Amino acid sequence: MKSFKADYVYPVCADPIKNGIVTVDDFGKIISVIDPALSTETFSSPVEQVSGIICPGFVNTHCHLELSHLRDKVKQRTGLVNFIIDIQTNRGADSDLVLEAAAKADAEMYDNGIVAVGDISNTNSTIGIKESSKLYYHSFVETFGFMPGRAQEVFDNALALLNEFKPMPCSITPHAPYSVSKELFKLLQKYSDTGHNLISIHNQECEDENKFYRYKLGTFNDLYAHFGLDITHFKPQARNSIQSILPLLTNKQEVLLVHNTCTNLKDIYFIKRFDRKIHFCFCPNANLYIEGFLPKIELFIGQGYNITLGTDSLASNNKLCILSEMRTIQQKFQAISTQMLIQWATLNGAKYLGIDDEKGSLEPGKTPGLNLITGLDGNKITPETKVRRLL
């Protein structure tokens, strides 16, 4: 049994505790979270004093582990369409190189205080790593298929890959509005009605995604031409991409909308008109890497939606570190408190992944992991702020 006393303990499920004490058993299970000002409890074992904030382990709700070998291989700030073309050009590599890079990325996330990951998978390359990892993974088997005639084939291939990931947590998910046909969306919707309801969609990463859906204009036409796709079947929808695809989802799906770089207030209000289980994920460092600007995150606060954080891949980020994402957000949006960011980084992510009975908050009986955040300036995240695992 171990006990840790910190300047502050952030249980997340309750207010921060000054000089709080967290006690865990030998397996990392929380025994107690004590406020010394309100308790006379004595401890039979020594209490380790640490400086900083103790909080639960981080939950990374959006990652692409299998792209880790593309670190420093993709040009920055060239826009989403060029980024996609670069990914497809460079992603092929020797399997040993892919596995080595993915294993290092898995270890990097562990060292950076991450305890659970929502990971996008297009191949079976990461199965062995996930089976032996110290992290919890939910693998999203991703579907691409903008051509209506290929919908069934694409879905069947995804189902076959999904069966390779079982019995680990996994589900089939659409990639993005611009890469999934209505016919494929309908197959995914029907599948979700059988209880497979956790999906993760790349949403509105650039303004040209909205321009394509509204008017069938912009660089996405160049993307389809690059891949030799005839998109004469697609008609302009006269509305943004999320407004176009939302009716194709059901309220039986827990839907994570990822990036939301160009989501506006009208989109948010449109979403509110529908009975859908929507969560939002922000990956700010990837947004800066690809497009060079951030979502209007302040628009989402107070709207009643569950907000989570992700790192995206090492093809679009320099590190897989949730604290780094928190730092980027707070530098741009200074009114967003560290306490709020910690909730996004822990309990909110655990709720989306359906593991909040074990992860995400410091409550007796849970095994959430313990992170120590140090180097804050007046409770603000700075370039000197660091995270290390206590457990």
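Our structure is the block above this text.
Reference entry: report on the structure contained in this document. These numbers were taken from a predicted model, which means no experiment stands behind them.

Quick notes on the overall build of the protein chain
Check the secondary structure of the protein chain and you find 13 helices and 17 strands. Its C-alpha atoms give the protein chain principal-axis dimensions of about 75 × 45 × 40 Å. The buried share of the protein chain, reckoned over its 391 residues, is 56%. Once local pairs closer than 6 in sequence are excluded, the contacts in the protein chain between residues at least 24 apart make up 71%. Split by element, the accessible area of the protein chain, about 16200 Å² in all, is 50% carbon and sulfur.

Concerning the pairing of strand β15 (residues 306-309)
On β15, burial covers both faces: Asn-306 and Thr-308 on one face and Ile-307 and Leu-309 on the other are all buried. Both strand β14 (residues 277-282) and β15 contribute to a ladder of four bridges, which runs parallel. Following the sheet pairing, Phe-280 is matched in β15 by Ile-307.

What to know about the pairing of strand β5 (residues 30-34)
As paired strands, strand β4 (residues 21-24) and β5 are joined by four bridges and run antiparallel to one another. If you follow Val-22 over to β5, its bridge partner there is Val-33. Where β4 folds back onto β5 in an antiparallel hairpin, the turn is made up of five residues, including Gly-28, whose phi is positive at roughly 85 degrees.

Description of the sheet that holds strand β9 (residues 114-121)
Spatially, β8-β9-β10-β11 is the arrangement adopted by the four strands of the open sheet, whose pairing is parallel. Strands with a single pairing partner mark the edges of an open sheet, and in this sheet they are β8 (58-63) and β11 (170-174). Sheet twist, expressed as the average angle between the axes of neighbouring strands with direction ignored, equals 20 degrees. With four bridges joining them, β8 and β9 adopt parallel strand pairing. Residue pairing in the sheet places Asn-60 in a bridge with Val-117 of β9. Across the sheet, helix α5 (residues 182-192) touches β10 (136-143) and β11, and the angle it forms with β11 is around 150 degrees.

Some remarks on the nonpolar core
Core analysis: the biggest nonpolar cluster contains 92 residues, and Phe-58, Met-109, Phe-220 and Met-326 have the highest contact counts within it. Here this core takes seven residues from helix α4 (residues 151-165), the largest share from any one element. Setting aside its immediate chain neighbours within four residues, Met-109 contacts Asn-60, Cys-63, Leu-65, Ile-114, Val-117, Leu-135, Tyr-137 and Leu-320. Counting 15 residues, the second largest nonpolar core, distinct from the first, contains Ile-120, Leu-198, Val-258 and Ala-350.

Focus on the sheet that holds strand β16 (residues 370-374)
A sheet is described by the order of its strands in space; here five strands give the open sequence β3-β2-β7-β16-β17, paired in mixed fashion. Each having just a single partner strand, β3 (17-18) and β17 (386-389) make up the two edges of the open sheet. Sheet topology places strand β2 (residues 8-9) next to strand β7 (residues 53-56); two bridges connect them, and they run parallel. Bridging across to β7, Val-9 finds its partner in Ile-54.

Side note on the packing of aromatic side chains
With the rule as written, the count across this model stands at 15 aromatic pairs. Here Phe-155 and Tyr-191 contribute two aromatic rings whose centre-to-centre distance is 5.6 Å and whose plane-to-plane angle is 70 degrees, an arrangement assigned as edge-to-face. Taken together, the positions of Phe-155 in helix α4 and Tyr-191 in helix α5 put the pair 36 residues apart, joining distant regions of the chain. The residues Phe-155 and Tyr-191 share a single accessibility class, namely buried. Note on Phe-270 and Phe-274: the rings are 5.0 Å apart at their centroids and 35 degrees apart in plane angle, and the pair reads as tilted. Relative accessible area serves as the criterion here: at 6%, Phe-270 is assigned to the buried category. A relative accessible area of 25% places Phe-274 in the partly exposed class. Geometry around Tyr-110 places Lys-134 over its ring, the cationic atom sitting 4.6 Å from the centre.

Comments concerning the pattern of salt bridges
On inspection of all chains with the given rule, the structure shows seven salt bridges. For Lys-130, the salt bridge identified is with Asp-119, shortest N-O distance 2.8 Å. Placement of Lys-130 in helix α3 (residues 127-132) and of Asp-119 in strand β9 is noted, with a sequence separation of 11 residues between them. Each member of the pair, Lys-130 as well as Asp-119, carries the same accessibility label: buried. Between Glu-153 and Arg-150 there is a salt bridge whose closest N-O contact spans 3.4 Å. Judged by its relative accessible area of 43%, Glu-153 is partly exposed. The class of Arg-150 is partly exposed, set by a relative accessible area of 37%.

Here's the deal with the packing of α4 against α5
In a pair of packed helices, the angle between the axes and the distance between the axes together describe the arrangement. Put simply, α4 and α5 touch, their axes get as near as 8 Å, and they point 40 degrees apart. The pairing of α4 with α5 is recorded here as oblique in orientation. Regarding α4 and α5, the two cross each other, and that crossing is right-handed. Where α4 abuts α5, its residues Ala-151, Gln-152, Val-154, Phe-155, Leu-159 and Leu-162 lie against Glu-183, Leu-184, Leu-187, Leu-188 and Tyr-191. Its residues assigned to classes, the contact of α4 with α5 comprises nine nonpolar, one polar and one charged.

Things to note about helix α2 (residues 95-111)
A rise of 1.5 Å per residue sets the reference length of α2, with its 17 residues, at 24 Å; its end C-alpha atoms lie 24 Å apart and thus fit the reference within 8%. Those residues of α2 lying buried are Val-98, Ala-101, Ala-102, Ala-105, Asp-106, Glu-108 and Met-109. Buried residues of α2, viewed axially, fall in a sector of 160 degrees; they line one side. Of the exposed residues in α2, the ones pointing more than 90 degrees away from its buried face are Asp-96, Lys-104 and Asp-111. In the core, the buried residues of α2 are packed alongside β8, β9, α3 and β10.

Rules used in this analysis
- Residues numbered from 1 in each chain as written.
- Predicted model: local features only at pLDDT ≥ 70, side-chain atom pairs only at ≥ 80, totals over all residues.
- Heavy atoms only, no water.
- Helix = DSSP H or I, 4+ residues; strand = E, 2+ residues; numbered from the N terminus.
- Buried < 20%, exposed > 50% of the residue type's maximum accessible area, 1.4 Å probe, protein only.
- Contact = heavy atoms within 4.5 Å.
- Areas by Shrake-Rupley, 256 points an atom, 1.4 Å probe, with all protein chains shown as cover.
- Pairing = 2+ DSSP bridges.
- Axes fitted to C-alpha atoms, helices over the stretch in contact; angles between N-to-C directions.
- Core = buried A, V, L, I, M, F, W, Y, C linked by side-chain atoms within 4.5 Å.
- Phe/Tyr/Trp six-rings, centres within 6.5 Å; stacked < 30°, edge-to-face > 60°.
- Lys NZ or Arg CZ within 6 Å of the ring centre and 35° of its normal.
- Salt bridge = Lys/Arg side-chain N within 4 Å of Asp/Glu carboxyl O.
- Parallel < 35°, antiparallel > 145°, perpendicular 65-115°, else oblique.
- Left-handed = near helix turned anticlockwise from the far one by under 90°.
- Nonpolar A, V, L, I, M, F, W, Y, C, P; charged D, E, K, R; others polar.
- Expected span 1.5 Å × (residues − 1).
- Arc of directions from axis to C-beta.

Read these as spatial facts, not as claims about activity.
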